[in-house]
Amino acid sequence: MGDFIHRRRLARILDQAAKRSEDWPQPEGGWIATMRRALGMSADQVAQRKGVSRNAVYQAERSEKEGAVSLKQMERLAEAMGGRFVYAIVPKEPVERLKYHQAAATARHLALDEPAFATWSSEDQEDWIDDKTAELLHDMPPSFWAYKPPKSEPSDI
């Protein structure tokens, strides 16, 4: 299977996961404490099932809220409570839009190195940037991700 087709399939998976996760509420007390309380389990009971101290459970709950809990710890606590730990990185917007923003930012950066670019008409400049953006999206050269797009990238895809 070609690299392009493989990337498109992966993008669909990520886009679908992002869409599904939009509705997940983030519990104020963290996932560990929320699951434990929903089950009516004490920290002692979770600790017994996990083979650790009650303080270790409370520490994991604090660490989760601080963003310092390990993935392995989350997995083990979920298992101890009869759950499963789900971990994902999903795009903030569709993958194709992220790639478009990157290609456009790279094209604008490359325009700075184009001789006499500044002397061209604004229409010629826009055409060059549009063409370069399309070329970058198609070819995805190794330098594709070298330039970070500005935060307020227009979304005209």
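Residues numbered from 1 in each chain as written. Predicted model: local features only at pLDDT ≥ 70, side-chain atom pairs only at ≥ 80, totals over all residues. Heavy atoms only, no water.

### Quick notes on the layout of surface pockets
Here's step 1: The volume enclosed by the largest pocket comes to roughly 900 Å³.
Here's step 2: Lining the largest pocket are 28 residues, and of these W24, W31, M74, F85 and V86 lie nearest its centre.
Here's step 3: Elements with a minimum of two residues in the lining of the largest pocket: α1 (3–21), α2 (31–39) and α5 (71–80).
Here's step 4: Its residues assigned to classes, the lining of the largest pocket comprises 19 nonpolar, six polar and three charged.
Here's step 5: Space inside the second largest pocket adds up to approximately 320 Å³.
Here's step 6: Lining of the second largest pocket is provided by eleven residues; of these, E93, L98, P149, P150 and K151 occupy positions nearest its centre.
Here's step 7: For the lining of the second largest pocket, a count of residues per class yields four nonpolar, two polar and five charged. (1 Å grid on protein atoms, 1.4 Å probe; cavity = no way out; pocket = protein on both sides within 12 Å on 5 of 7 lines; lining within 4 Å. Points joined across faces, edges and corners; volume = space filled by probe spheres on them. Helix = DSSP H or I, 4+ residues; strand = E, 2+ residues; numbered from the N terminus. Nonpolar A, V, L, I, M, F, W, Y, C, P; charged D, E, K, R; others polar.)

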